[in-house]
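Chain and residue survey
Each chain, letter by letter, is given below.
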Amino acid sequence: MTTPVARRGVVPNSIRVIATAVERIAIEAKELLDDGFRLALVAAHDDLEEIRVVYAFTKGPPDERVELVVRLDPERPSLPSLAAVSFTASRFEREMRDLFGVELVDHPQPRRLVLHQHWPQGWYPMRAGAGAAPPMVENAGSYPFIPVEGPGVYEIPVGPVHAGLIEPGHFRFFVVGETILRMKARLWFVHKGIERLMEGKSVDEGMRIAERISGDTAVGHGLAFMMAVEEALGVEVTSGDRRTRAALLEMERLYNHVADLGALCNDVAFSIAHAHAMTTRERLLRLNEEVTGHRLLRGGIVLGGTNVRRLPARAELDSVGREVADLVAMVRSNALVIDRFAGTAVLAHEDAVDMDTLGVVARASGRTIDARVAHPFTPMPEGFTVAAREDGDVLARFDVRVDEVGTSLDCLRAWIGAEPTADPREARYDDVTPVAGPVPTRRSGLGIVEAWRGALVHRVELDGDELLTRVKVVDPSFFNWPALPISLADTIIPDFPLANKSFNLSYAGNDL
Amino acid sequence: MTGITVWPVGVVVAQVTLFVLGAPFLVGLMRTVRCRLEGRTGPPVRQTWRDLRKLLGKQRTQPEKSSVFFAMAPVVLVATTLVVVAFAPLLSIDTVFSGGSDLFAIVFLLLLGSVSLALAALDTGTAFGGMGSSRLMAIVALAEPALLVAILALAAPVHSSSLPIIVAGSLHHPMWLATPQRILAFGAFVIVILAESGRLPVDNPATHLELTMIHEALMLEYSGPDLAFVVLGESLRLLVLLALLSNLFVPWGIATSLTGLSFVVAVVSLAAKVALLATLVAAGEVMVAKLRLFRVPELLAGAFVLSVLAVLSSLVIA
């Protein structure tokens, strides 16, 4: 076990909590947003005697976190909508309305978001005592697609069951000829009730669920959850373990980005590049298995530390780097592929900012937002830069992924050479010493990590027995999904799969 | 019908049998070549036949409210292609129907299968069927003129569009094959064949992405024996097109008399030529990506230009 060392250049997490009145919420939120904060999370809590809504705002660097808390009457919970100041807030609010029954005053889209029309009116699954799901009804809260009319306009409904092995989502295209006029994505077909499932669970059980929220983001979700728990419990993590965690995060980014590079080529039928990428991905998965014992890197993060067998060797990283370089050279030398990528599905910079996009999607449109810089939990290596492009097209998203593979490899090389990392060990729950003082009855924590899709946030609350009372999960896909239809203006129908793949958003992480 | 002897009928029967047996292997071969070049093992060459056998054992399904068009299209596709296989001088230029195997007739018979599939896809009433039909018709409308003009270039030297006469002409005058009009027409033929048989860079036969499909979108609603017929028909058409291509531009090996030996030679040489062509097409597919749909007209316009140049050069030489 490594000994604790002083934090180096990392600002400690500290959340400023502002309790506010219902009528003040819009003013407070606007002040924070104008001050450069972004709305990272909105979580409602049913405390029986009140409905408590927490708005988490984050900003960085330097790392700053603010929580606005409002309390509502549980009989008639009602909130003024923040839609006028934040588009993202309007989506969190619709989610809250579906799951908690919070009425929203002056909401521009007072329609269901999470629950499909088959769920009966007046049943709110996240309220205390909601009980088992009631039987489905025919059409309780219908939310029809807004029709697009005009000569030659026709509709193409696609999904939720697709021809390939992909996640379920329904896309409704309104098309003239081959050109998309409007696209509406309807998700939440895989709503699993994860947040409810985690209530009352121990930290270990919660971690098992967190690592399985989105199969390809086991480290991202697991780490965000664990960091939130550790902040709530006041658990210190050594700098060596923090670095190992960051290394796991980069390994997850590596195998997913490599798979995406190949999948983008596959969608333009350049299948040899896809085959090469899959070979490299398989090597990375086998490396993952040697590192954590699981191909998808599960089990590498434990409360207060890490549990890894070894870290990748420099030679393994170099070899992956060469393979990816070969792949990228092959793709960039193919004019047909570049012609398909360039100029397709452009997400303008202003739209990327207005929609609060995150991760690869944001950075390909020139929005250099990265939680590794804004909310670092370990110092990034010398010369670390956030990969970014300005064009916002499929090619830009491809290029950002290529650059990020490079920076991930650089980070891993720097970290594995730095000093001996933690010995393989099983961190037990009783290894950890919570901070001294009386145990509060309710403790909360916020975990923010830059997962491979973008900034991922978990907010947890635990009771005096260290059982989870509420976990709110926000996958970056929740922010990025609304940007996909915006990017489709002037895109033709046969280019949609490519555009969709270049965003590569999670359904499981979004639908929860 | 005193002119019909046993041998020519035998040639027709053998031609149809060999083509039907061989077509699924052709598709399997192309898939295997692609897999190997991409470093994958891939299914065995006979997998297409296995799939067909499996499909033939399944129940038939038909979309609600679809009409006789949907049920008939697979039959029309296979039947028209079989008529071409029976008519066309694929193994021998001396068959029963050789007098009637006009190149225009062959091209339009093959087109009939595509058109009936497109109608059937519209008949299903699904968005994908309509999308596939409109895309296919757009491609056909651009590809057919190029093909017809290219045929004109081939027909000019022998003053006939009859396939046996064109092939016989090339056999007697091998130098014709190296003339500019033949080479230009060959280019046009290759592009049109790739477009009409749904190969890259126009269409991706291996895709699962519904929104990008052309040929696959037409057959999305088919299942069981109907799907087997469509798959067989499409593979048969690809085999016929490649066989026509090799006979028109590299005719050596085709039987000119009706002896058993020349027939065997014809079968072996055609199989070798088609296998080589298929391997080249599959290898080419590994190198290219699928064109953006709106670029396909540019490619087909290129084919048209090639065929017009072929005609012009044949006029100049004449």
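Here goes a summary of the coordinates provided. All values derive from a computational prediction rather than experimental measurement.

Parameters and conventions
- Residues numbered from 1 in each chain as written.
- Chains lettered and ligands numbered in written order.
- Predicted model: local features only at pLDDT ≥ 70, side-chain atom pairs only at ≥ 80, totals over all residues.
- Helix = DSSP H or I, 4+ residues; strand = E, 2+ residues; numbered from the N terminus.
- Rg over C-alpha atoms; globule rule 2.2 N^0.38 Å.
- Contact = placed C-beta atoms within 7 Å.
- Nonpolar A, V, L, I, M, F, W, Y, C, P; charged D, E, K, R; others polar.
- Buried ≥ 20, exposed ≤ 12 C-beta atoms within 10 Å, placed from the backbone.
- Pairing = 2+ DSSP bridges.
- Axes fitted to C-alpha atoms, helices over the stretch in contact; angles between N-to-C directions.
- Core = buried A, V, L, I, M, F, W, Y, C linked by C-beta atoms within 7 Å.
- Parallel < 35°, antiparallel > 145°, perpendicular 65-115°, else oblique.
- Left-handed = near helix turned anticlockwise from the far one by under 90°.
- Expected span 1.5 Å × (residues − 1).

A few words now on the overall build of chain A. Looking only at helices and strands, chain A has 17 helices and 14 strands in total. By the compact-globule yardstick of 24 Å for 512 residues, chain A fits well, its C-alpha radius of gyration being 23 Å.

Each side of the interface is counted separately: chain A has 26 residues, and chain B has 23 residues. Secondary-structure elements contributing two or more residues to the side of chain A that touches chain B are strand E7 (153-158), helix H7 (271-292), helix H9 (335-341) and helix H16 (496-503) of chain A. Broken down by class, the residue content of the side of chain A that touches chain B amounts to 16 nonpolar, four polar and six charged.

All names here are of chain B. With respect to the secondary-structure elements, Val 316 resides in helix H11 (residues 296-317). On the neighbour-count criterion, Val 316 (9 C-beta atoms within 10 Å) is exposed. Through-space distance from the C-alpha of Val 316 to that of Leu 277 is 30 Å; in sequence the pair is 39 residues apart.

Once that is clear, we can look at the sheet that holds strand E8 (residues 170-176) of chain A. All names here are of chain A. Spatially, E7-E8-E9 is the arrangement adopted by the three strands of the open sheet, whose pairing is antiparallel. Taken across any chain shown, the strands that pair with only one partner, and hence form the sheet edges, are E7 and strand E9 (179-186). Neighbouring strand axes in the sheet, compared pairwise and without regard to direction, differ in orientation by 20 degrees on average. Strand direction decides the pairing type here: E8 and E9, joined by seven bridges, are antiparallel. When the sheet's bridge partners are listed, Val 175 is paired in E9 with Ile 180.

Attention shifts here to the pairing of strand E2 (residues 38-46) of chain A. All names here are of chain A. Counting buried residues along E2, eight of its nine residues qualify, which places the element largely inside the surrounding structure. Judged from the eight bridges that link them, E2 and strand E3 (residues 51-59) form a sheet pairing that is antiparallel. Bridge assignment links Ala 44 to a residue of E3, and that residue is Val 53. The antiparallel hairpin formed by E2 and E3 contains four residues in its connecting segment, where Leu 48 sits at a positive phi of about 70 degrees.

Before going further, it helps to examine the nonpolar core. All names here are of chain B. Counting residues in hydrophobic clusters, the biggest one holds 245 residues, and the most contacted among them are Ala 146, Ala 150, Ala 188, Val 192 and Leu 239. Among the elements that line this core, the one with the most residues is helix H9 (residues 224-249), at 15 residues. Those residues within four positions of Ala 150 in sequence are excluded, and the remaining contacts are Ala 185, Ala 188, Phe 189, Ser 307 and Ala 310.

A few words now on the packing of helix H4 (residues 203-210) of chain A against helix H5 (residues 218-233) of chain A. Residues and elements named next belong to chain A. As a packed pair, H4 and H5 sit with axes 8 Å apart at the nearest point and diverge in direction by 155 degrees. Relative to H5, the element H4 lies roughly antiparallel. Taken as a pair, H4 and H5 cross one another with a handedness that is right-handed. In this structure, H4 uses Val 203, Gly 206, Met 207 and Ala 210 to contact H5, whose residues at the interface are His 221, Gly 222, Phe 225, Met 226 and Val 229. Class assignment of the residues belonging to the contact of H4 with H5 gives a composition of six nonpolar, three polar and no charged.

We now examine the sheet that holds E3(A). All names here are of chain A. Overall, mixed pairing links the four strands, which are arranged E1-E4-E3-E2 in an open sheet. Each end of this open sheet is capped by a strand with a single partner; those strands are strand E1 (15-19) and E2. Sheet twist, expressed as the average angle between the axes of neighbouring strands with direction ignored, equals 20 degrees. Sheet topology places E1 next to strand E4 (residues 64-72); five bridges connect them, and they run parallel. The residue of E4 that forms the bridge with Ala 19 is Val 69. Across the sheet, helix H1 (residues 25-34) is in contact with E1, E3 and E4; its angle to E4 comes to roughly 170 degrees. Each of E2 and E3 touches helix H2 (residues 87-100); the most contacted strand, E2, lies at about 15 degrees to it.

The next subject is H2(A). Residues and elements named next belong to chain A. Taking 1.5 Å per residue, 14 residues should reach 20 Å; H2 reaches 20 Å between its end C-alpha atoms and fits that length. The buried fraction of H2 amounts to 13 of the 14 residues, a majority that puts the element mostly inside the structure. Gly 101 sits one or two positions beyond H2 and adopts a positive phi of about 75 degrees.

From the geometry alone we can't say anything about function, so treat these as descriptive.
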